[in-house]
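This is what each chain is made of:
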Amino acid sequence: MTRQNEILAFNTKANVFERRISIADPRGVVYDSKGHLLILSGKTLLRLEAYDAKPQVLIASSLEDPRHVLEVDGRIFVSDRGASHQVKLFDSNGKFLHAIGKPGAPSVGTYDPLHMNNPNGLALDSQGRLWVAEADNYPRRVSVWTQEGKLERTFYGPTEYGGGGVLDSHNATKFFYKGMEFALDPDTERGIGPALPSLAKVSKERICEELRKILTARQPSRALAIAERVGILALI
């Protein structure tokens, strides 16, 4: 409970509430392989060996805006935002090992699949690959990485209810959706690139161009409806 600066412990077998544990700015929590509770508290990671014990600071630096934590076989994974937007790996003693993904906050420009936008939930599959749920709509994505930091697979979508988006009436290789621009292969209607769409958030120049189309269109109401579906109006 972030606002109350505490976490609540429940006994699920007995179906009863057990206790409150005071933790400043609590975030992600997980049990490690030794049965200890790992708790993200602000920019630090704490380890709680017993409910009535004093929390130990395991990671005191290297984190900017951590969200979730995962521990497997002594390796600790933390999804971090701030200026990095990466998943950071630590050993069982809290020593920083390396980061996964290119660093940097989300920004307008050409989309880079090696960069994560707002990394959030974490999971490790049976092959030891790291799955990262990105809490972002531009685009919505789940990315799969090796523990060494190689991007292996991505899952994009879904769209909002009912779909949406529109093709550029002057260029069949451009597709717009929710403030994003996709490059399309006119033959396959798939994203151009190595199995990933070329995608960019819409710039101020692009917004101005779309507004000019609305003002000079023969049917301004239709052009306005298209701009709304594409997501241009939401950016004004």
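Check the entry above for the structure.
Here the residue numbering is sequential within each chain, running from 1 through the sequence in written order. Local features are withheld for residues below a pLDDT of 70 in this predicted model, meaning they are given only at 70 or higher, and side-chain atom pairs are given and counted only at 80 or more; totals for whole chains, interfaces and linings count all residues. The side-chain quantities take in all heavy atoms of the structure and omit both hydrogens and water.

Asker: A description of the sheet that holds strand 8 (residues 75-80) should follow, citing residues and the corresponding values.
Answerer: Strand order in the open sheet made by the 4 strands is 7-8-9-10, with antiparallel pairing throughout. The open sheet has two free edges, formed respectively by strand 7 (66-72) and strand 10 (96-100), since each of these has just one partner strand. For this sheet, the mean inter-axis angle between neighbouring strands, taken without regard to orientation, is 20 degrees. Direction of pairing for strand 8 relative to strand 9 (residues 86-90): antiparallel, over a ladder of 5 bridges. Paired with Asp80 across the bridge in strand 9 is Gln86. DSSP-based pairing: two strands are paired if at least 2 bridges between them are found. In DSSP terms, a helix is any run of H or I states spanning at least four residues, a strand is any run of E spanning at least two, and both are numbered starting from the N terminus. Think of each axis as a best-fit line through the C-alpha atoms, taken over the contacting stretch in the case of a helix, with angles from 0 to 180 degrees between the N-to-C directions.

Asker: Let's hear about the pattern of salt bridges: which residues, and what values?
Answerer: Within this document, salt bridges are pairs made up of a side-chain nitrogen of Lys or Arg and a carboxyl oxygen of Asp or Glu, the two lying within 4 Å of each other. This model, assessed by the stated rule, comprises 11 salt bridges. Of the charged contacts, one joins Glu6 and Arg20 as a salt bridge, the two residues approaching to 2.6 Å between their closest N and O atoms. You can see Glu6 sitting in strand 1 (residues 6-11) and its partner Arg20 sitting in strand 2 (residues 16-22), a full 14 residues away along the chain. A 1.4 Å probe rolled over the protein chains alone gives each residue an accessible area, and that area as a share of the maximum for its type sets the label: buried under 20%, exposed over 50%, partly exposed in between. Since its relative accessible area comes to 13%, Glu6 is described here as buried. We note a salt bridge from Lys102 to Asp112, for which the minimum N-O separation is 3.0 Å. Here Lys102, found in the loop between strand 10 and strand 11 (119-124), pairs with Asp112, found in the loop between strand 10 and strand 11; they are 10 residues apart in sequence, far enough to count as distant. Sharing partners across several salt bridges, the network here consists of Asp25, Arg27, Asp65 and Arg67.

Asker: Give a description of the pairing of strand 9 that names residues and reports values.
Answerer: A large share of strand 9 lies buried, amounting to 5 of its 5 residues. Of the two faces of strand 9, the one lined by Gln86, Lys88 and Phe90 and the one lined by Val87 and Leu89 are each fully buried. The turn joining strand 8 and strand 9, which pair antiparallel and follow one another in sequence, is formed by 5 residues; a positive phi near 65 degrees is taken by Gly82. Summarising the sheet, strand 9 and strand 10 pair through 4 bridges and their orientation is antiparallel. Bridging from a neighbouring strand, Lys88 pairs with Ala99 of strand 10. Between strand 9 and strand 10, which pair antiparallel one after the other, the connecting turn spans 5 residues, and Gly94 there sits at a positive phi close to 90 degrees.

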